[in-house]
Amino acid sequence: MKIVVNGVRTELDTGPDEPMVDVLRDELGLTGTKAVCRTGVCGACTVMVEGEPRLSCLMPAAAAEEQEVTTVEGLDHPVQRAFAAHDGLQCGYCTPGLVVEAAAFVDGWRAGHGDVAPPRETIAAAMAGHLCRCGAYEGIQAAIAAACRGEHDGDAVTPARVEAMDKVTGRARYTTDVRLDGQLEGVIIRATRAHARVTSVRAAAAHVVDLLPSDRVVRYAGQPIAAVAAPTRREALAIAAGAEIGYEPLPAALDDAPDAPDVYGEDERKKAPNHSEGPTMSAPWNGNVRGPFNRMSKRGRTAAQRVEAARAAGDPGLVAGTFTTAVQVHTPLEPHACVARWDEDGALHLHMSTQAIEMVAAQAAKRWGLPADKVRVVAEHVGGGFGAKAGVTAETVAAVELARACGVPVRVVLGRDEELTTAGNRPGTRTEIALLTDGEGNLSALTVDVHARGGVAVGSGVAVMARLMYGRAPRRLRDYDVVTNEPPAAPFRGPGAPPLLWALEQTVDETAHRRGEDPIALRRRWDGNPKRQALYEVAAALPAWTGRPATGSQTGRLRRGVGVAAANWMYMLDPGTEVELTVEGGVVVARTATQDIGTGVRTVIASVVAAELDLPAERVRVEIGRTGVVHGPGALGSRSTASVAPAARDAARRLRQAGLTEGTRVVGKRRRDRRGYVTPFAVGGMAIGRGFSGAVHVTEVEVDTRLGTVRPLRVWAGIAAGHIYAEGPARGQCEGGVVQGLGYALYEERHVDPVTGVVLTANLDDYQIPGIADCPEIDVHFHQEGWDHVNGQGVGLGEVSTIGVAASVGNAVYNATGWRPRDLPIRPDRLIEGMYGR
Amino acid sequence: MITLSDIGAAALGGGELRAGGTDLMSRPAAGPHIDLRGLPELSGVTWLPDGSVRIGALTTIAALAADERIAAAHPCLALAAAALATPQIRSVATVGGNLLQRNRCAYFRNPAFSCFQSGGNGCPARAGHTLRAAVVDSGPCVAPHPSSLAVALLGCEATAEVDGTAPFPVGELYGDGSDPTRDHLLPPGAVLLAVTLPPPQEGERAAHHRTAGRALAEWPLVEAAARLVVADGRVTFARVSVGGVARVPLRLTEVEDALLAGEPLERAAELAATRCAPSGQNAYKVALLTGTVLEVLERAWAPAG
């Protein structure tokens with residue numbers, strides 16, 4: 001068939017049902033167009049066909065015969081510059097589809113209405129078919145409005161992040177776009193049973209790579225069993241589908257019932273994967289329950305005695321309750337992906353969608369017994385991670401082993417179902433909390449018991465987070481893991497904190513309510529953190545706060561409410577970080593072994609170097625996403641900016657001293673903070689610095705008491721993370737933190753079939769993340785003081801900006817209705833049953 | 001050019017008909033796709049002399065939503081069309097495809113399960129996750145019918161035109177929901193050509209609403225459509241239909257009768273609950289159903305603007 005793609009007449013030999021997206025990407029090499037959901041939900045694959053935006057995953061290429069197709073690579077439209085200028089993107093993986101659709105919308109709008117901005121709701125309705133997991137919706141709104149006003153018809157813009165033009169044109173290359181000569185496509189064969197011993201594996205492939213653990217037991221449906229490769233993904237999938245797996249069934253634990261069968265035998269427990277970002281802490285086991293881990297308690301016995309006495313006496317100062325949270329899935333739009341190649345010298349080259357290239361390289365070297373310099377990792381652009389892409393995971397093992405077996409490069413890209421099923425999640429939790437206030441209205445005791453279901457993985461740290469808040473009153477903090485035959489959890493943006501804050505910040509709110517005290521006023525009394533005090537001061541004066549209704553005072557169908565929640569997070573850094581600067585062709589090139597997963601770390605480095613050397617933006621270039629250069633941090637624990645920015649500044653100062661002559665190379669170091677760090681030395685590239693970052697979220701919602709829906713209207717996000725190095729990306733990340741927090745509060749929930757253990761929410765229709773129409777107006781306020789002891793005066797904000805959001809929604813719903821939600825997400829059924837008892 | 005009879009023959013050989021393809025392309029193929037594109041018998045919107053309108057099965061949802069004459073005559077259908085899915089889906093998906101699509105049950109769509117719908121002999125959803133399950137129990141399968149247009153067309157008393165048969169009421173595409181093996185009753189090889197809506201009632205006012213957690217782009221938990229004629233403060237004509245609650249789209253004659261008998265809207269809407277038999281996690285759908293019905297009754301009673 002014949003087709004015109006980006007103005008070029010092209011002859012194609014394609015099957016009648018082959019989706020356009022595969023033809024564009026695999027046959028024509030136009031990888032700007034992304035395949036994400038493959039079910040028409042997310043819009044990432046949008047292209048123009050005869051000038052109309054079309055989902056190329058749902059359209060057979062054959063249907064475009066003799067038609068003109070324009071992909072993002074062929075698009076040249078003001079809205080692309082608007083996206084760059086207004087930061088309508090973070091990781092950039094959804095961006096190609098968005099800009100194609102936005103281009104059509106902007107043209108249509110301007111033709112019909114002239115150069116005026118459309119209403120916010122009109123833009124949201126037009127873009128409703130696109131999902132952005134980073135939550136860049138505020139920037140997308142601003143970009144489309146600006147393009148409609150005709151503000152970007154000219155040529156140049158100053159992009160809010162340095163790689164923006166690559167991302168809006170489809171030039172940015174992600175791991176899923178990599179295609180090496182002779183490359184095969186690998187597919188993982190996965191368990192269909194929740195618990196079984198695998199007795200045989202038969203697949204019609206020359207090389208079947210084994211991925212089972214040494215005991216040959218699969219402990220969750222979806223666990224990798226083996227991997228096979230073929231010239232195309234379709235062929236590889238067919239081989240995997242036809243594989244015959246022999247199982248000896250074992251009883252499965254799919255709930256937390258005391259009589260559930262054991263997931264691990266006594267001597268297998270140490271094999272349980274760790275889903276915390278730290279080392280595995282020892283804790284006792286009792287069947288499938290591991291814990292308590294209680295070493296972060298402070299005068300725990302006193303706390304428990306005070307709570308018990310208060311309970312026995314019916315003390316009105318005691319507020320106790322049970323709160324639960326659902327399993328949340330990271331859902332990066334770029335799935336886990338790896339392209340592995342062994343070269344003639346026995347060196348291993350990995351293209352990987354990872355947030356920690358150096359950590360992955362070290363793990364790979366260890367796993368495959370290679371010297372460190374024989375592993376090279378490239379992650380030029382990464383389509384989101386949120387914590388789940390921090391190690392050598394199944395797709396990488398499969399790709400490396402298949403590449404070795406087959407003797408050619410092999411690419412393994414997880415399908416959306418695999419990504420949503422097996423690639424990590426934030427555990428579901430049940431929290432029992434009791435908070436006692438004394439006669440003077442001070443915190444007297446706190447007890448928190450948290451049971452977390454991380455599937456086959458352990459390492460929950462939810463209750464421990466209560467050590468970081470509200471002074472030094474006695475507190476007993478106990479964490480338990482409940483293991484089940486479900487897929488393993490993984491670290492997820494602020495591990496442990498969102499479920500703790502969901503319980504704690506609502507209990508503090510309830511305490512204030514019972515005392516007849518303003519919830520912000522109570523926090524100002526209890527919270528010793530001076531940076532958050534500054535945020536409370538601003539929050540308390542917000543019109544939304546001062547004008548909020550009295551709780552339970554409304555009787556109409558639609559009720560508005562305003563809620564507040566505070567958050568506290570550690571300041572982490574990688575003290576060994578270095579940045580190298582070289583003058584190449586008159587341009588200062590910055591290199592370090594870090595990666596940008598959408599955080600804007602490229603922009604942080606570029607802006608520090610440009611400012612320090614007083615250079616225009618075009619004379620600074622940042623090359624990251626490759627090992628083999630000076631050490632850089634993983635994008636974990638909000639540590640990137642606090643690590644690289646001071647090192648970049650140090651390097652720039654050295655370069656200024658050395659002079660900007662061609663070929664000059666300097667290396668800058670991340671100099672120590674004044675008074676050093678809390679941790680005496682870095683473990684795994686991570687030290688904990690002095691001081692805590694803080695956030696206060698004030699959220700306004702409208703509750704529809706007839707139909708059970710909660711609509712977020714406005715969110716004020718006060719963030720205390722010191723100096724902001726790159727305004728656009730920092731703001732974007734805080735807005736995205738709000739959007740993800742709203743998803744956690746209202747929509748996101750993994751469902752597992754209670755009979756088989758199969759994950760049901762295996763597509764983006766059923767696993768529901770927020771869309772642009774769910775995104776409220778977000779006002780980000782930075783408090784930049786209080787970090788003079790820190791080199792560079794600024795710390796990270798990726799985690800603190802999201803962890804308290806759900807609690808602020810809970811408090812807002814309570815303010816609106818007088819009914820306090822205790823279970824996440826706040827679904828329509830829960831709201832209706834909670835309010836009306838039916 | 002492929003003809004209608006070619007298609008019927010091909011479908012008898014075990015393929016699936018593809019109109020817009022938005023459903024078909026997003027699930028594993030059950031055989032070759034047989035493309036309906038460009039068939040003249042299935043295209044076009046035709047106004048007939050008696051005031052009825054014939055809408056070809058390949059008419060896209062977007063065209064339906066944008067058709068001013070349809071919006072004026074049959075606002076309930078236009079509103080349902082405008083509210084479903086996303087702009088891109090609407091621009092490709094068709095009237096026929098929407099009516100004859102497969103259901104959204106997560107068990108049916110997951111290859112790990114076998115059920116009545118996928119050729120098996122059971123319903124794993126009944127023993128499993130039932131939050132979205134049908135709350136009106138009409139048969140062994142508990143997947144709610146997914147078609148928003150069917151809800152509206154049922155309320156509009158539209159007829160379906162299938163190649164080789166006389167036009168029949170749209171509801172007969174679905175029957176009573178007791179057959180758990182399929183989402184519509186057309187035999188293999190049958191091609192839906194068009195739907196025809198009779199002329200609207202004089203002075204009718206209509207509303208449609210889908211209730212879902214998120215603001216847009218989500219399959220509804222419950223949806224409802226209402227057509228009312230109100231004269232001197234009394235309902236003289238009423239059609240109320242609902243989706244998301246049963247194996248098939250439902251017309252709620254008990255609600256209509258109550259309205260005609262002069263019952264207040266709240267009382268009439270409450271009657272929507274009488275057919276419900278909640279089980280598992282779906283009891284909330286009873287309240288959502290009565291709430292959504294009341295929503296459309298109120299809007300049809302006093303349309304905004």
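Residues numbered from 1 in each chain as written. Chains lettered and ligands numbered in written order. Predicted model: local features only at pLDDT ≥ 70, side-chain atom pairs only at ≥ 80, totals over all residues. Heavy atoms only, no water.

- If you look chain B up in an unreviewed UniProt entry, it shows as FAD-binding PCMH-type domain-containing protein from Sphaerisporangium melleum.

## Concerning helix H9 (residues 357-367) of chain A
Residue and element names in this part refer to chain A.
So, point 1. The complete set of buried residues in H9 reads Ile 357, Val 360, Ala 361, Ala 364 and Ala 365. What you see down the axis of H9 is that its buried residues fit within an arc of 135°, all on one side. When the buried face of H9 is taken as reference, the exposed residues oriented beyond 90 degrees from it are Ala 362, Lys 366 and Arg 367. (Buried < 20%, exposed > 50% of the residue type's maximum accessible area, 1.4 Å probe, protein only. Helix = DSSP H or I, 4+ residues; strand = E, 2+ residues; numbered from the N terminus. Arc of directions from axis to C-beta.)

## Notes on the pattern of salt bridges
So, point 1. Summed over all chains, the structure comprises 85 salt bridges over all chains.
So, point 2. A cluster of three or more residues bridged by salt bridges with shared partners is formed by Arg 557, Asp 704 and Arg 706 of chain A together with Glu 295, Glu 298 and Arg 299 of chain B. (Salt bridge = Lys/Arg side-chain N within 4 Å of Asp/Glu carboxyl O.)

## Concerning the packing of aromatic side chains
Residues and elements named next belong to chain A.
So, point 1. Counted by the stated rule, this structure contains seven aromatic pairs over all chains.
So, point 2. Between the aromatic rings of Phe 323 and Trp 502, the centroid separation amounts to 6.4 Å while the plane-to-plane angle is 85°, which identifies the pairing as edge-to-face. Note that Phe 323 is positioned in strand S14 (residues 318-325) and Trp 502 in helix H12 (residues 497-515), a separation of 179 residues in sequence.
So, point 3. Judged by its relative accessible area of 3%, Phe 323 falls in the buried class.
So, point 4. Note on Tyr 571 and Trp 787: the rings are 5.7 Å apart at their centroids and 85° apart in plane angle, and the pair reads as edge-to-face. Here the residue Tyr 571 occupies a position in strand S24 (residues 558-573), and Trp 787 occupies one in the loop between strand S31 (777-783) and helix H19 (805-817), the gap between them amounting to 216 residues.
So, point 5. The ring of Trp 368 has Arg 367 sitting right over it, with the charged end atom 5.5 Å from the ring centre. (Phe/Tyr/Trp six-rings, centres within 6.5 Å; stacked < 30°, edge-to-face > 60°. Lys NZ or Arg CZ within 6 Å of the ring centre and 35° of its normal.)

## Topic: the environment of Ala 260 of chain A
Residues and elements named next belong to chain A.
So, point 1. Within the fold, Ala 260 resides in the loop between strand S11 (244-249) and strand S12 (285-286).
So, point 2. Owing to a relative accessible area of 13%, Ala 260 belongs among the buried residues under this scheme.
So, point 3. On a C-alpha basis, the gap between Ala 260 and Ala 364 in space is 36 Å, while along the polypeptide they are 104 residues apart.
So, point 4. Not counting the four nearest positions on each side in its chain, Ala 260 is found in contact with Ala 253, Asp 255 and Asn 288. (Contact = heavy atoms within 4.5 Å.)

## As for the packing of helix H2 (residues 78-85) of chain A against helix H3 (residues 95-113) of chain A
Residues and elements named next belong to chain A.
So, point 1. Two elements in contact, H2 and H3, have axes whose closest approach is 8 Å; the angle formed by their N-to-C orientations is 125°. Classified by the angle between their axes, H2 and H3 sit oblique to one another. For the pair H2 and H3, the sense of crossing is right-handed. Of the residues in H3, those touching H2 at Val 79, Gln 80 and Phe 83 are Thr 95, Leu 98, Val 99, Ala 102, Ala 103 and Val 106.
So, point 2. Here the contact of H2 with H3 is built from residues that sort into seven nonpolar, two polar and no charged. (Axes fitted to C-alpha atoms, helices over the stretch in contact; angles between N-to-C directions. Parallel < 35°, antiparallel > 145°, perpendicular 65-115°, else oblique. Left-handed = near helix turned anticlockwise from the far one by under 90°. Nonpolar A, V, L, I, M, F, W, Y, C, P; charged D, E, K, R; others polar.)

## A short note on the interface of chain B and chain A
So, point 1. With 45 residues of chain B in contact, the opposing surface of chain A contributes 48 residues.
So, point 2. Among the residues of chain B in contact with chain A, Met 25, Gln 88 and Arg 214 of chain B are the three that bury the most area, contributing 20% of the side total.
So, point 3. For the pair chain B and chain A, the interface holds five salt bridges.
So, point 4. Across the pair Arg 706 of chain A and Glu 295 of chain B runs a salt bridge whose closest N-O atoms are separated by 2.9 Å.
So, point 5. Summed over the shared surface of chain B and chain A, the number is 17 residue pairs in polar contact (both at pLDDT 80 or more). (Buried area = accessible area lost by both parts, 1.4 Å probe. Polar contact = N/O pair within 3.5 Å; in protein donor to acceptor, adjacent residues only side chain to side chain.)

## Remarks on the sheet that holds strand S17 (residues 348-352) of chain A
Residue and element names in this part refer to chain A.
So, point 1. Pairing in this open sheet of seven strands is mixed, and the strands run S8-S10-S6-S19-S16-S17-S18 from one edge to the other. On the outer flanks of this sheet lie strand S8 (209-210) and strand S18 (375-378), each paired with one strand and no other.
So, point 2. Direction of pairing for strand S16 (residues 337-342) relative to strand S19 (residues 410-413): antiparallel, over a ladder of four bridges. Considered in S19, the bridge of Ala 340 is made with Val 410. (Pairing = 2+ DSSP bridges.)

## Side note on the sheet that holds strand S4 (residues 52-55) of chain A
Residue and element names in this part refer to chain A.
So, point 1. Reading across the sheet, the five strands line up as S2-S1-S5-S3-S4 and stay open at both edges, with mixed pairing between neighbours. The open sheet terminates on both sides in strands that have one partner only, identified here as strand S2 (8-11) and S4. When strand polarity is set aside, the average angle formed by the axes of neighbouring strands in this sheet is 35°.
So, point 2. Each of strand S3 (46-49) and S4 touches H3; the most contacted strand, S3, lies at about 40° to it.

## Overview of the domain arrangement of chain B
Residue and element names in this part refer to chain B.
So, point 1. Each assigned domain of chain B is listed with its residue range as follows: domain 1 (38-197) and domain 2 (205-301).
So, point 2. Contacts between the two partners involve 42 residues from domain 1, matched on the other side by 37 residues from domain 2.
So, point 3. For the pair domain 1 and domain 2, the two sides together bury roughly 3,200 Å², of which 58% comes from carbon and sulfur.
So, point 4. Sorting the residues of domain 1 by area buried against domain 2 places Arg 132, Val 135 and Val 151 first, and these three jointly supply 23% of that buried surface.
So, point 5. Taken together, the connections running from domain 1 to domain 2 amount to four salt bridges.
So, point 6. Put simply, domain 1 and domain 2 have 21 residue pairs in polar contact (both at pLDDT 80 or more) between them.
So, point 7. Those elements that place two or more of their residues in the side of domain 1 that touches domain 2 are helix H4 (75-83) and helix H8 (148-155). (Domains from an automatic or database assignment.)

## Here we look at the pairing of strand S7 (residues 192-197) of chain B
Residue and element names in this part refer to chain B.
So, point 1. In terms of burial, S7 is largely enclosed, as six of its six residues are buried.
So, point 2. Pairing of strand S4 (residues 53-56) with S7, which is carried by four bridges, proceeds in the antiparallel orientation. Counterpart to Ile 55 in the pairing with S7 is Val 195.
So, point 3. Direction of pairing for strand S5 (residues 159-162) relative to S7: antiparallel, over a ladder of four bridges. Following the sheet pairing, Ala 160 is matched in S7 by Val 195.

## Observations concerning the nonpolar core
So, point 1. Residues Phe 83, Ile 144 and Ile 826 of chain A are the most contacted members of the largest nonpolar core, which totals 138 residues.
So, point 2. No other element matches S24 of chain A, which puts nine residues into this core.
So, point 3. Among the nonpolar cores identified, the runner-up in size contains 92 residues, and Ile 7, Ile 55, Val 191 and Val 240 of chain B belong to it. (Core = buried A, V, L, I, M, F, W, Y, C linked by side-chain atoms within 4.5 Å.)

## Focus on unusual backbone geometry
Residue and element names in this part refer to chain A.
So, point 1. Following Gly 291, the chain continues to Pro 292 via a peptide bond in cis, the omega torsion being 5°.
So, point 2. Note on placement: Pro 292 falls in strand S13 (residues 289-293).
So, point 3. Here the bond from Leu 824 into Pro 825 is cis, since omega is -10°, no more than 30 degrees from zero.
So, point 4. Note that Pro 825 resides in the loop between H19 and helix H20 (828-836).

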